[in-house]
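A closer look at the structure
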Amino acid sequence: MRREPRRWRTSFGRWVHRVGVDHLTTRLCSAGQPVSQKAVYNWLAGDRTPSPGYAAAMVKISRGRIGLDDVY
């Protein structure tokens, strides 16, 4: 997938960039929310939205660096 610069300019995109897609998918799987890297890229592109369980898990993983508003 080709990197689209605009998606990385959001709070969510910057946070995902900092932690890394691979690390994020690993952490989500460890938290009981298995997800593929492709799904994360789809979230970033706005093609799909994460379910509330995934969004809440990412907020928890971020330790408050992002909120549900940033994810959605």
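Now for a quick tour of the structure. The shown structure was predicted, so the numbers you read here are calculated from the model rather than taken from an experiment.

Thresholds, definitions, all that
Residues numbered from 1 in each chain as written. Predicted model: local features only at pLDDT ≥ 70, side-chain atom pairs only at ≥ 80, totals over all residues. Heavy atoms only, no water. Axes fitted to C-alpha atoms, helices over the stretch in contact; angles between N-to-C directions. Helix = DSSP H or I, 4+ residues; strand = E, 2+ residues; numbered from the N terminus. Parallel < 35°, antiparallel > 145°, perpendicular 65-115°, else oblique. Left-handed = near helix turned anticlockwise from the far one by under 90°. Contact = heavy atoms within 4.5 Å. Buried < 20%, exposed > 50% of the residue type's maximum accessible area, 1.4 Å probe, protein only. Arc of directions from axis to C-beta.

This next bit is on the packing of helix α2 (residues 21–30) against helix α3 (residues 37–45). Viewed as axis vectors pointing N to C, α2 and α3 meet at an angle of 110°, and their least axial separation amounts to 9 Å. Relative to α3, the element α2 lies roughly perpendicular. The hand of the α2/α3 crossing is right-handed. For the pair α2 and α3, contact is made by Val21, Asp22, Leu24, Thr25 and Leu28 and by Gln37, Val40, Tyr41 and Trp43, respectively.

Now for helix α4 (residues 52–62). Taken residue by residue, α4 has Tyr54, Ala55, Ala57, Met58, Ile61 and Ser62 as its buried positions. Seen from one end, α4 has its buried residues packed into an arc of 165°, which puts them on one side. Residues of α4 that are exposed and angled more than 90 degrees away from the buried face: Pro52 and Lys60. Contact partners of the buried residues in α4: α1 (11–19), α2, α3 and α5 (68–71). A positive backbone phi angle near 55° is found at Arg63, which sits one or two residues after α4.

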